[in-house]
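# Secondary and tertiary structure notes
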Amino acid sequence: MGTAALIVTADPEIADDLLRLAAAADAPAEVARDHVRARAAWRHPPLVLVGADLAAELICDPAPRRPGVVLVTTRPDDEEVYRTAVRLGAQDVAVLPDTEAWLVDTLAAAAEPAGERAAAVCVTGARGGAGASTLAAVLGLAAMQGGLRTLLVDGDPLGGGLDLLLGLEDAPGARWPDFVDLRGRLSSAALREALPGLGRVRRPAPGGELAVLSWHRGQVEDIPPEAMRTVLDAGGRGFDLVIVDLPRHLGAAGAEALLAAGLALVVVPAELRAVVAGSRVAAGVGRHTGDVRAVVRGPAPGGLTPDGIGRALGLPLAGAVPWDRRLAGALEHGELLRAFDRGPLADLCAGLVDALVSGRVRGGGRP
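Bear in mind the structure is a predicted one, so any value in this text is a computation, not a measurement.

## Some words on the pattern of salt bridges
Enumeration over the complete set of coordinates arrives at twelve salt bridges. Measuring nitrogen to oxygen at the nearest pair gives 2.9 Å for the salt bridge that ties Arg 20 to Glu 100. Of this pair, Arg 20 sits in helix H1 (residues 12-24) while Glu 100 sits in helix H5 (residues 100-110), and the two are 80 residues apart along the sequence. Arg 237 is the salt-bridge partner of Asp 233, the closest N and O atoms lying 2.8 Å from each other.

And the structure:
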């Protein structure tokens with residue numbers, strides 16, 4: 001079992017207390033006694049417990065924003081600690097000794113084996129209409145067809161709704177406005193039970209399901225980054241695969257999703273202007289995740305090739321799909337469920353799903 005928690009403090013009493021709680025939770029922990037060592041180990045453990053004594057140093061020399069950061073203090077009446085937590089990017093404040101029971105539970109959750117957490121992928125488009133939402137939906141259907149518990153998250157409030165693509169617009173269940181006030185830990189079982197979804201498609205493998213978090217029709221609301229973090233954390237514990245459809249203009253919630261993902265796919269139509277736009281989108285995505293790949297979609301009216309587009313973008317090529325008139329017609333008539341499992345897009349998605357869940361895209365590997 002790897003390290004479950006990084007303890008960042010130079011205060012020996014705080015360090016001893018947190019190590020004692022980690023032992024009670026059977027959660028392997030390591031201590032970084034200065035901000036330089038903390039930054040070196042910052043990304044890897046599921047949980048980072050930052051003592052208030054070193055928080056200012058981490059704010060002045062900022063570490064990358066990430067989920068799972070808790071600010072720990074022994075001063076319950078210090079109002080400044082909450083402002084410090086916001087500047088640090090901490091999702092919680094723990095006051096010792098009052099929150100020891102909560103910390104034990106949090107450490108125990110962090111000690112869950114990494115293999116039990118879902119693989120995650122984000123999808124976005126080089127331009128509007130590139131086909132990113134369709135790719136995200138077909139990835140979800142392919143994963144369900146393969147027997148995986150799959151969460152499909154619509155991270156684009158202006159995208160028209162992934163539930164509409166899947167024929168779930170009238171299905172009962174929670175939508176994003178029901179989750180925007182979430183903070184902290186959400187039960188993965190509660191998330192699965194709340195969302196509309198598909199239990200099966202034609203010839204499904206046993207256990208396959210697809211839960212969809214999309215939008216109500218009506219007024220658009222931004223997704224707070226804390227809510228995105230909470231949903232994706234619950235999804236990581238309760239599903240086998242999490243897919244997030246992102247807008248081109250990421251915002252804070254999009255950045256949270258990319259931090260949680262092992263892979264980001266940029267869908268690029270085989271057109272010159274889309275390639276130029278795709279380079280800008282890929283640059284923005286690459287600020288938040290280390291594995292960005294291109295999916296090239298035909299037709300190519302000017303003769304651009306997938307390999308040439310990948311080289312122009314400086315991105316590995318995850319795949320290419322030609323124009324599929326049959327799939328385009330199915331989308332227009334709301335028949336994606338009937339048409340998704342035939343053709344090059346379905347084949348590409350099946351291969352990507354297999355690579356994601358087998359771990360071959362983690363750590364920057366290629367499928």
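## A look at the sheet that holds strand E6 (residues 119-125)
Within a sheet, each strand pairs with its neighbour through backbone hydrogen bonds, oriented either parallel or antiparallel. The strand order across the open sheet built from eight strands is E8-E9-E7-E10-E6-E11-E12-E13, with neighbouring strands paired in mixed fashion. This sheet does not close on itself; its edge strands, each paired only once, are strand E8 (197-198) and strand E13 (317-321). Across five bridges, E6 lies against strand E10 (residues 241-245) in parallel orientation. The partner of Cys 122 across the bridge, within E10, is Val 244.

## Overview of the packing of helix H6 (residues 132-145) against helix H15 (residues 344-358)
The interhelical angle for the contact between H6 and H15, taken along N-to-C directions, is 65 degrees, at an axis separation of 9 Å. Every pair of crossing elements has a handedness; the one defined by H6 and H15 is right-handed. Where H6 approaches H15, its residues Thr 134, Leu 135, Val 138, Leu 139, Ala 142 and Ala 143 are matched on the opposing element by Leu 345, Ala 346, Cys 349, Ala 350, Leu 352 and Val 353. Split into classes, the residues belonging to the contact of H6 with H15 amount to eleven nonpolar, one polar and no charged.

## A look at the sheet that holds strand E4 (residues 69-73)
Spatial strand order, E2-E1-E3-E4-E5: five strands in an open sheet with parallel pairing. Looking at strand neighbours, the two that pair on one side only are strand E2 (29-32) and strand E5 (92-95), the edges of this open sheet. Strand-to-strand twist in this sheet, taken as the mean axis angle between neighbours without regard to direction, amounts to 25 degrees. In this sheet, E2 lies alongside strand E1 (residues 5-8) in parallel orientation, the contact comprising four bridges. Opposite Ile 7, over in E2, you have Val 31 as the bridge partner. Against the sheet, helix H3 (residues 52-60) makes contact with E1, E2, strand E3 (47-51) and E4, and its axis sits at roughly 105 degrees relative to E3, the strand it touches most. Along the sheet, H5 makes contact with E1, E3, E4 and E5, crossing E3 at roughly 140 degrees.

Calculation rules
- Residues numbered from 1 in each chain as written.
- Predicted model: local features only at pLDDT ≥ 70, side-chain atom pairs only at ≥ 80, totals over all residues.
- Heavy atoms only, no water.
- Salt bridge = Lys/Arg side-chain N within 4 Å of Asp/Glu carboxyl O.
- Helix = DSSP H or I, 4+ residues; strand = E, 2+ residues; numbered from the N terminus.
- Pairing = 2+ DSSP bridges.
- Axes fitted to C-alpha atoms, helices over the stretch in contact; angles between N-to-C directions.
- Left-handed = near helix turned anticlockwise from the far one by under 90°.
- Contact = heavy atoms within 4.5 Å.
- Nonpolar A, V, L, I, M, F, W, Y, C, P; charged D, E, K, R; others polar.

Interpretation note: all reported values are geometric properties and have no functional meaning in isolation.
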